[in-house]
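Structural characterization, general
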Amino acid sequence: RNLLDRDTFSKSDPICVLYTQAVGNKEWREFGRTEVIDNTLNPDFVRKFIMDYFFEERENLRFDFYDVDSKSPNLSKHDFLGQMFCTLGEIVGSQGSRLEKSIVGIPGKKCGTVIVTAEELGCCRDSVLMQFCANKLDKKDFFGKSDPFLVFHRSNEDGSFTICHKTEVVKNTLNPVWQAFKISVRALCNGDYDRTIKIEVYDWDRDGSHDFIGEFTTSYRELSRGQSQFNVYEVINPKKKGKKKKYVNSGTVTLLSFLIETEVSFLDYIKGGTQINFTVAIDFTASNGNPSQPTSLHYMNPYQLNAYGMALRAVGEIIQDYDSDKMFPALGFGARLPPDGRVSHEFALNGNPQNPYCHGIDGVMEAYYRSLKSVQLYGPTNFAPVINHVARYAASVKDGSQYFVLLIITDGVISDMAQTKESIVNASKLPMSIIIVGVGPAEFDAMEELDGDVVRISSRGRFAERDIVQFVPFRDYIDRSGNHVLSMARLAKDVLAEIPEQFLSYMRVRGIKPSPAPPPYTPPMHVLQTQI
């Protein structure tokens, strides 16, 4: 409310960016952004942030506001409107889980206030696809007819309303037919079928001062009856109704269709038996330093794991729960192999190219230490061969029964960028994801490019079908106090966080549904012969 006005000829176009602060380090990480709302100093943002809430953890939050001036995703290109700091506990603990706080950050200026509400999500996974049309809406424009759009609000526990959907604008008509849209039942009514849903009808105006045509209320239960006489609504403008004796309505809105779809989750696939295959690839290039020296990233310290060992364990110990046979292929790249010293970019750590599988994370660690003693660190740093190695397996099972995760641990500067991009673009069509952990002090700019979070990765004009790479620098997780448990839990959480979504995006694009969960096992009954 009452944001600063930074635009000369119109009002600001605000966006809100949420940052969270990781446990133990003070670095702020962007969590997400709302949509941009044009021409207003009092925006009601629709896009929500879904966060985990733990009573026993302090989750610091920072909300930054900007006036968006161009299409650039780079925030420094836009005008800063101020910020607000709070904790998740503060929001949840406020009366009605609604926190109102001043926006600060621009000296000598009142920057307005922000209202943040939190609502615990019911675990309803349905979505609905619905379509509306309207008839004989009020004419609001001096020239031409109205340009109507609908705004949906769900009611909260305290009787207030939260915006949850806006339709597109249909130009110059009093009888619009809006496109069908999909919304989760959670967003529409928080899974409560009888909760009020308020729908407002507006006439769009270029300057952002949209004219109110009227409103009506309904509920999920009413809408779920589908197209029927119950789902034709009179649009009422209370002001007009109060003033005019003969006022009937400002038009009608009709529900044309209502289809329920159940959204499936990552765990539905896991329950249905989909296996996650975990492969590790380790960088054996000379830039890591001589393994017998304490300065080496591959130093074999008898008392504690080196960075490679720590990253491997952190990620592996979580993933191994989803892999029933616990057999993991472990590969190395960038070393000269005995006996003839040939350089290899995909060799089996256990020395058996026919069967590179190691048993459990302990088996992988053992093979890693063994190969450090037998191979010579060399170069260059090529990723493409190990990515293609896993892609060959992934290409042979595209039915959704298996998904492949490749963990590459590297000290850095990549030598085969073009080939690696090509491999990733090809792999993005396959059931696989790639996690890259960068160890050591190198600059990891190239890895950020592969990550594809900001700009989708491309090779020779072809773009990756989906984002499948997640990169993190190990140094962001080193705990100065030596408490590696906490820091490694964070590392694992961060690199694995995107996997379920990447997994689901593959399944969705391919139209693969989860297999039904197998029935609980019951031992066979012995048929007893009874004599009568």
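No experiment lies behind these values; they were computed from the predicted model shown.

Here we look at the packing of helix α8 (residues 384-396) against helix α9 (residues 417-427)
Packing of α8 against α9 leaves a shortest axis separation of 9 Å and a crossing angle of 15°. Classified by the interaxial angle, the pair formed by α8 and α9 is roughly parallel. For the pair α8 and α9, the crossing hand works out as left-handed. Where α8 abuts α9, its residues Ala 384, Ile 387 and Asn 388 lie against Gln 419, Thr 420, Ser 423, Ile 424 and Ala 427. Tallied by class, the residues present in the contact of α8 with α9 amount to 4 nonpolar, 4 polar and no charged.

Looking at the sheet that holds strand β18 (residues 342-344)
Strand order in the open sheet formed by 3 strands is β18-β17-β21, and the pairing between neighbours is antiparallel. One side of each edge strand has no neighbouring strand; the edge strands of this open sheet are β18 and β21 (376-377). Here 3 bridges tie strand β17 (residues 335-337) to β18, and the two strands are oriented antiparallel to one another. By the bridge assignment for β18, Arg 336 is matched with Val 343.

Some thoughts on the domain arrangement of the protein
For the protein, the assigned domains read domain 1 (14-117), domain 2 (126-262) and domain 3 (275-510). The gap between the C-alpha centroids of domain 1 and domain 3 is 35 Å.

Quick notes on the layout of surface pockets
The volume enclosed by the second largest pocket comes to roughly 590 Å³. Looking at the second largest pocket, it is lined by 20 residues, and the ones nearest its centre are Ile 37, Phe 149, Lys 166, Gly 208 and His 210. For the lining of the second largest pocket, the secondary structure elements donating two or more residues are β8 (148-155), β9 (161-166) and β11 (196-203). Broken down by element, the lining of the second largest pocket gets its largest block of residues, 3 residues, from β8. Grouping the constituent residues of the lining of the second largest pocket by class yields 8 nonpolar, 6 polar and 6 charged. For the lining of the second largest pocket, the two domains that each supply at least three residues are domain 1 (14-117) and domain 2 (126-262).

Reading the values: the criteria
- Residues numbered from 1 in each chain as written.
- Predicted model: local features only at pLDDT ≥ 70, side-chain atom pairs only at ≥ 80, totals over all residues.
- Heavy atoms only, no water.
- Axes fitted to C-alpha atoms, helices over the stretch in contact; angles between N-to-C directions.
- Helix = DSSP H or I, 4+ residues; strand = E, 2+ residues; numbered from the N terminus.
- Parallel < 35°, antiparallel > 145°, perpendicular 65-115°, else oblique.
- Left-handed = near helix turned anticlockwise from the far one by under 90°.
- Contact = heavy atoms within 4.5 Å.
- Nonpolar A, V, L, I, M, F, W, Y, C, P; charged D, E, K, R; others polar.
- Pairing = 2+ DSSP bridges.
- Domains from an automatic or database assignment.
- 1 Å grid on protein atoms, 1.4 Å probe; cavity = no way out; pocket = protein on both sides within 12 Å on 5 of 7 lines; lining within 4 Å.
- Points joined across faces, edges and corners; volume = space filled by probe spheres on them.

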